[in-house]
Amino acid sequence: GNSVTQMEGPVTLSEEAFLTINCTYTATGYPSLFWYVQYPGEGLQLLLKATKADDKGSNKGFEATYRKETTSFHLEKGSVQVSDSAVYFCALIPISGAGSYQLTFGKGTKLSVIP
Amino acid sequence: KAGVTQTPRYLIKTRGQQVTLSCSPISGHRSVSWYQQTPGQGLQFLFEYFSETQRNKGNFPGRFSGRQFSNSRSEMNVSTLELGDSALYLCASSTPTSGSWSYEQYFGPGTRLTVT
């Protein structure tokens, strides 16, 4: 079956530190990969996506590259801010002819950035 | 464009009751999916509707049901509520974009259901 494994949290960083959140996946075929972010008391926001091998998704200073050979999609940011404090979810959608839209999520990584 | 809206935002129910949650997708989106989020199980897929038809269903008991209307709005119903049904219920809408296979989903703010 499909599954997503992401690093356990919580992660605490000082402002302007470098961020990496590891994510690996298991899926048949070529899934689309996503990072979602959830701020306290809110729903999920799509942060970035990649649809094929070597694609790099980027948004708001965050980046992730679709690595088929290592089945990974690690999230990185060069300099985090206090406002980046949130829970980050790695997710995939397996692409099939049936056009199913079922997202499979990792368990989430809570990031806290301190001034 | 307005985002995905969910009503109500908060709900308190008693064990054994039933509840109906509503979701209005982004205009033009025809697929609506529902997810349950709990601290223990994380985010779990409930079901997905496309053009009023359930296209996919997760591993939940029959007490969880849903439907989609011709305007793509969706409702989910939980009957005979149990304490373990307390969760954040998230709705997401999506539509395939011409030339794109990303199937990205856009989420609403969720309905926080508390069962006492």
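Positions within a chain are numbered from 1, following the residues in the order the chain's sequence is written. Ligands are numbered from 1 and chains lettered from A, in the order in which they are written. With the structure being a predicted model, the display of local features is reserved for residues of pLDDT at least 70 and the display and counting of side-chain atom pairs for 80 or more, all residues being used for whole-chain, interface and lining totals. Processing note: side-chain calculations cover all non-hydrogen atoms of the structure and skip hydrogens and water entirely.

Engineer: Quick one: what's the story with the overall build of chain A, residue by residue and with numbers?
Structural biologist: Starting at the N terminus, helices and strands are each numbered in turn, a helix being any DSSP run of H or I of at least four residues and a strand any DSSP run of E of at least two. Secondary structure summary: chain A contains 0 helices and 12 strands in total. Its C-alpha atoms put chain A at 45 × 30 × 20 Å along the principal axes. Considering only contacts within chain A whose residues lie at least 6 apart along the sequence, 56% involve residues at least 24 apart. Per-residue and other accessible areas were derived by the Shrake-Rupley procedure at a 1.4 Å probe size, with only the shown protein chains allowed to occlude residues. Entry remark: accessible area of chain A is about 5300 Å², with carbon and sulfur atoms responsible for 50%. Within chain A, one finds 9 positive and 10 negative side-chain charges whose respective centroids are separated by 6 Å. Contacts between residues were defined by any pair of non-hydrogen atoms, one from each residue, lying within 4.5 Å. In this count, Lys and Arg are taken as positive residues and Asp and Glu as negative ones, while His and the chain termini are left out. Where a charge sits is defined by one atom per residue type, namely NZ (Lys), CZ (Arg), CG (Asp) or CD (Glu).

Engineer: Report on the sheet that holds strand β1 (residues 5–7) of chain B, specifying residues and quantitative values.
Structural biologist: Residue and element names in this part refer to chain B. On the basis of which strands lie adjacent, the open sheet formed by 4 strands has the order β1-β3-β8-β7 and antiparallel pairing. Among the strands making up the open sheet, the edge pair consists of β1 and β7 (64–68). Sheet twist, expressed as the mean angle between neighbouring strand axes with direction ignored, is 20°. A pair of strands is treated as paired once DSSP finds two or more bridges between them. Simply put, an axis is a line fit to the C-alpha atoms, just over the touching stretch for a helix, and the angle between two N-to-C directions goes from 0 to 180 degrees.

Engineer: So what's going on with the sheet that holds strand β9 (residues 75–77) of chain A? Residues and values would help.
Structural biologist: All names here are of chain A. A sheet is described by the order of its strands in space; here 4 strands give the open sequence β3-β9-β8-β7, paired in antiparallel fashion. Looking at which strands have only one partner, the edges of the open sheet turn out to be β3 (19–21) and β7 (56–59). Taken pair by pair, the neighbouring strands of this sheet meet at an average axis angle of 15°, ignoring direction. Sheet topology note: the strand β8 (residues 62–65)/β9 ladder contains 3 bridges and is antiparallel. The residue of β9 that forms the bridge with Phe62 is Lys77.

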